[in-house]
Amino acid sequence: MAVQPPPADQRIVIENAAIATVDAHDTEYARGHVVILGNRIESVGNGPAPAWLDNVVRRINAEGHLVTPGLVNTHHHFYQWITRGLAQDNILFDWLVALYPTWARIDDRLVHAAAQGSAAALLKSGCTTASDHHYVFPKDGGDILGAEIEAVQELGLRFTALRGSMDRSKKDGGLPPDHAVEELDAILTASEEAVDRYHDASADSMLQIALAPCSPFSVSTRLLRESAELARRKGVRLHTHGSETAEEEAFCKELFGMGPTDYFESVGWLGEDVWMAHCVHMNDSDIAKFAETGTGVAHCPSSNARLAAGIARVPDMLAAGVPVGLGVDGTASNESGELGTELRNALLINRLHGTPTALTARQALRLGTMGGARVLGRHNEIGSIEAGKLADLALWKVDGIMHSSIADPVAALALGALPPLAVLFVNGNAVVENGRLTTVNEDRIAQACARAAKELAARPI
Ligand SMILES: [Zn+2]
């Protein structure tokens, strides 16, 4: 059952909190309040909430807490929750070749378990909106997209499900094995059905669909072109992996006679309705093209480090005006599965370029909130704490032993250990309390994921 929005006339008051709104002026309050009315933010400001408020069902004294917008995850592969800890020391292409045969044996039941594991890890680390790029659809796998969506809705996470695809297998010069890919026509039909069945374009939407052919080395040129046409006809967004590794760049040059960004441009894949994961190997011209067209980037620092892919030029992208958000990426290449820790990892990894101001704590928080909201096309509805926006909020406890001596609460979040999550509101509902899910028993999820991982590992190839 999907989590329902709270009654529209019901108020929740949060007071005495440090607040980082991440609005256009980076407004912060050392001791302020946020009022939630129904599923939206009614007001935010300095000092206590107005005294006249009625129908207050909950009043939170958030002394010692930092309130931020809920974090937004722009790239993930939920199904990988049950294939973590494998191929530990490989670059991307070798890692993919090692894992494809296992992934090609998944089905809807296993994906349901894995999606709950991934969504739980996101919620427990402050994420209120996530996208998930699912691109493995074995022939006898059942209703995988439906299972994934149902799993996420039970936990109450705001969701963009990406109907992914692969149609370029080994026999066509691609990387995936032949049995792991689908036929182009079947992909387009299933993509259109997914949009018709699930996509909710309303401002309050808890579920959107985008189309997401997997990568230049696993999909045909025709699939890229026709997916873009379909997405634009249906009014949904487009996503793929781009410029992740040096090997991908070499692959594109050999097969298409140009680098990944030029290739994407040639097939209509640059634009405000497109975002790409990684974008590590980008030259000045690539960054300029992303900026000119408003093409977004999902920066995945931990995954890039895990696969030794390199360091994305995030400071240069931001300076050029490229929309950038953060992503966990699939948990087979980022076993932690936490989005909150990506703030710190993004900050640290980008400073390895040698510039101490490459990414500040507040810029890291902005990437993880408004940056992600913009990349998902939802910046008018989520990503900052402003009156009228959806009530997606994280209350971080920063007065405990790990954080009480850090002078600045935003630095406590972006430079310190990930603070305990006191409450996480999604759409006005408290879906995490004291670090635990409120919607589904998380011990049951843990057991189901362990069983699913064992079952998948034991399936014959
Ligand atoms: Zn990925």
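A. A look at the overall build of the protein chain. Tallying secondary structure elements over the protein chain gives 14 helices and 17 strands in all. Its C-alpha radius of gyration of 21 Å places the protein chain within 12% of the 23 Å reference for a compact globule of 461 residues. Across its three principal directions, the C-alpha atoms of the protein chain cover 70 × 45 × 40 Å. The 461 residues of the protein chain split such that 60% are buried. For the protein chain, the proportion of contacts with a sequence separation of at least 24, taken over those separated by at least 6, is 75%.

B. Local environment of empty space enclosed by the protein. One pass over the full model with this rule turns up 2 cavities of 30 Å³ or more. By volume, the largest cavity is sized at about 100 Å³. A per-element tally of the lining of the largest cavity places helix 1 (residues 92-103) first, with 4 residues. Classifying every residue of the lining of the largest cavity gives 7 nonpolar, 4 polar and 2 charged. In this structure, the second largest cavity spans a volume of roughly 30 Å³. Across the lining of the second largest cavity, the residue classes tally to 3 nonpolar, no polar and 4 charged.

C. Layout of the layout of surface pockets. Considering only enclosed or pocket space, the largest pocket measures out at about 470 Å³ in volume. Lining the largest pocket are 25 residues, with F137, R163, E182, A186 and A190 sitting closest to its centre. Classifying every residue of the lining of the largest pocket by side-chain character gives 10 nonpolar, 4 polar and 11 charged. When its volume is computed, the second largest pocket comes out at roughly 230 Å³.

D. Up close: the pattern of salt bridges. Following the criterion strictly, the structure yields 33 salt bridges and no others. Taking the shortest distance from any N to any O, the salt bridge between E442 and K124 comes out at 2.8 Å. Taken as a pair, E442 in helix 14 (residues 442-458) and K124 in helix 2 (residues 108-124) lie far apart in primary sequence, 318 residues in all. Classification of K124 by relative accessible area gives partly exposed; the value is 32%. Residue E226 pairs with R222 through a salt bridge whose shortest N-O separation is 2.8 Å. In this pair, E226 and R222 are both assigned in helix 5 (residues 221-234), 4 residues apart and thus about one turn of the helix distant.

E. Region of the structure containing the coordination of the zinc ion. Summarising the metal site, the zinc ion is bound by the protein donors H75 (NE2), H77 (NE2), H241 (NE2) and D329 (OD), whose distances to it range over 2.1 to 2.4 Å. Within one chain, the residues donating to the zinc ion are spaced in sequence as H-x1-H-x163-H-x87-D. The pair H75 / H77 is uniform in exposure class, with both members buried.

F. Molecular detail of the packing of helix 4 (residues 184-198) against helix 5. It is the contact of helix 4 with helix 5, at a shortest axis distance of 11 Å, that shows an interaxial angle of 20°. Of the possible angle classes, the one that applies to helix 4 and helix 5 is roughly parallel. In the crossing of helix 4 with helix 5, the sense of the turn from one axis to the other is right-handed. For the pair helix 4 and helix 5, contact is made by L184, D185, I187, L188, S191, E192, V195 and D196 and by R222, L223, E226, S227, L230, R233 and K234, respectively. Looking at the contact of helix 4 with helix 5, its residues break down into 6 nonpolar, 2 polar and 7 charged.

G. Molecular detail of the nonpolar core. Grouped together as the largest cluster of nonpolar side chains are 118 residues, with contacts concentrated most on F78, L96, W103, L123, L157 and M317. Ranked by the residues each element gives to this core, the list is headed by helix 2, at 10 residues. Dropping the residues within four chain positions of it, L123 is found in contact with L155, L157, L421, L424, V426, V431, V432 and L437. If you look at the next biggest cluster of nonpolar residues, it comprises 17 residues, including I12, I385, A422 and F425.

H. Layout of unusual backbone geometry. Phi at D26 is positive, roughly 55°, even though this residue is not glycine. Even without a glycine there, the phi angle at C279 is positive, about 50°. Examined against the element boundaries, C279 turns out to sit in the loop between strand 11 (274-278) and helix 8 (284-293). According to the relative accessible area criterion, C279 is buried, its value standing at 1%.

I. Broad picture of the pairing of strand 10 (residues 237-242). With 6 of its 6 residues buried, strand 10 lies for the most part within the structure. Residues R237, H239 and H241 point to one face of strand 10 and L238, T240 and G242 to the other, with burial holding for every one of them. Where strand 9 (residues 207-213) lies against strand 10, 2 bridges are found, and the strand directions are parallel. Bridge pairing links A210 to R237 in strand 10. Assessed by its sense of winding, the connection that carries the chain from strand 9 through helix 5 to strand 10 is right-handed.

J. Looking closely at the packing of aromatic side chains. Scanning the model with the defined rule gives 11 aromatic pairs in all. Each ring, one from F217 and one from F251, has its centre 6.3 Å from the other, and the planes form 80°; the classification is edge-to-face. A residue pair is termed long-range when its members are at least 10 positions apart, and F217 in the loop between strand 9 and helix 5 and F251 in helix 6 (residues 246-256) qualify at 34 residues. Like F217, the residue F251 is buried in the burial classification. Connected via pairs of aromatic rings, a cluster forms that spans F93, F217, F251, F256, Y263, F264 and W269. Lying over the aromatic face of W81, R84 brings its terminal NZ or CZ to 3.5 Å of the ring centre. A cation over an aromatic ring shows up here: R163 above the ring of F137, its NZ or CZ 3.7 Å from the ring centre.

Rules behind the numbers
Residues numbered from 1 in each chain as written. Predicted model: local features only at pLDDT ≥ 70, side-chain atom pairs only at ≥ 80, totals over all residues. Heavy atoms only, no water. Helix = DSSP H or I, 4+ residues; strand = E, 2+ residues; numbered from the N terminus. Rg over C-alpha atoms; globule rule 2.2 N^0.38 Å. Buried < 20%, exposed > 50% of the residue type's maximum accessible area, 1.4 Å probe, protein only. Contact = heavy atoms within 4.5 Å. 1 Å grid on protein atoms, 1.4 Å probe; cavity = no way out; pocket = protein on both sides within 12 Å on 5 of 7 lines; lining within 4 Å. Points joined across faces, edges and corners; volume = space filled by probe spheres on them. Nonpolar A, V, L, I, M, F, W, Y, C, P; charged D, E, K, R; others polar. Salt bridge = Lys/Arg side-chain N within 4 Å of Asp/Glu carboxyl O. Donors = N, O, S within 2.8 Å, 3.2 Å for Na, K, Ca; no water. Axes fitted to C-alpha atoms, helices over the stretch in contact; angles between N-to-C directions. Parallel < 35°, antiparallel > 145°, perpendicular 65-115°, else oblique. Left-handed = near helix turned anticlockwise from the far one by under 90°. Core = buried A, V, L, I, M, F, W, Y, C linked by side-chain atoms within 4.5 Å. Pairing = 2+ DSSP bridges. Right-handed = clockwise from strand over helix to strand, strands pointing away. Phe/Tyr/Trp six-rings, centres within 6.5 Å; stacked < 30°, edge-to-face > 60°. Lys NZ or Arg CZ within 6 Å of the ring centre and 35° of its normal.

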